[in-house]
Amino acid sequence: MEPSTFHVVSHRHEHGERIINATVSGKAVTVVIPLDVLAVLEREWNHVNTTRTTGRNR
C-alpha cells in the first residue's frame, strides 16, 4: 500500500470546533476536531518536538 497524500484545502473555527476540508489521495474529506481536543494534541506535539530536538524531556 502506498502512502496517502494529504492536502489541506481550507480550515476554520466554528461552534467550538476546528473544521478542516482536505483531500486525501485525491478524495475530498472533512475532519472535525473539538478545540479542547486540538489543544491537547498541539500541546503533546510540541512536547514531542521539544524532546526530539533537545534530546530530553521538558
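For the structure, check the block above.
Student: Please provide a residue-by-residue account of unusual backbone geometry, values included.
Tutor: Within the chain, His15 stands out as a residue other than glycine whose phi angle is a positive 55°. Positionally, His15 belongs in the loop between β1 (6-14) and β2 (17-24). The exposed category is assigned to His15, whose relative accessible area is 75%. The residue Ser25 is not glycine, and still its phi comes out positive at about 50°. Structurally, Ser25 can be placed in the loop between β2 and β3 (27-34). Using a relative accessible area of 43% as the deciding quantity, one classes Ser25 as partly exposed.

Student: Please set out the side chain of Arg18 residue by residue, giving values where relevant.
Tutor: You can see Arg18 is positioned in strand β2. As a buried residue without a salt bridge, Arg18 has its nearest oppositely charged side chain in Glu42, at a separation of 6.5 Å. Among the polar contacts listed, one links the side chain of Arg18 to the side chain of His13, at a separation of 3.3 Å. Beyond its immediate sequence surroundings of up to four residues, Arg18 is in contact with His11, Arg12, His13, Val31, Val32, Ile33, Leu35 and Leu38.

So, how was this worked out
Residues numbered from 1 in each chain as written. Predicted model: local features only at pLDDT ≥ 70, side-chain atom pairs only at ≥ 80, totals over all residues. Heavy atoms only, no water. Helix = DSSP H or I, 4+ residues; strand = E, 2+ residues; numbered from the N terminus. Buried < 20%, exposed > 50% of the residue type's maximum accessible area, 1.4 Å probe, protein only. Lys, Arg positive; Asp, Glu negative; His and termini not counted. Salt bridge = Lys/Arg side-chain N within 4 Å of Asp/Glu carboxyl O. Polar contact = N/O pair within 3.5 Å; in protein donor to acceptor, adjacent residues only side chain to side chain. Contact = heavy atoms within 4.5 Å.

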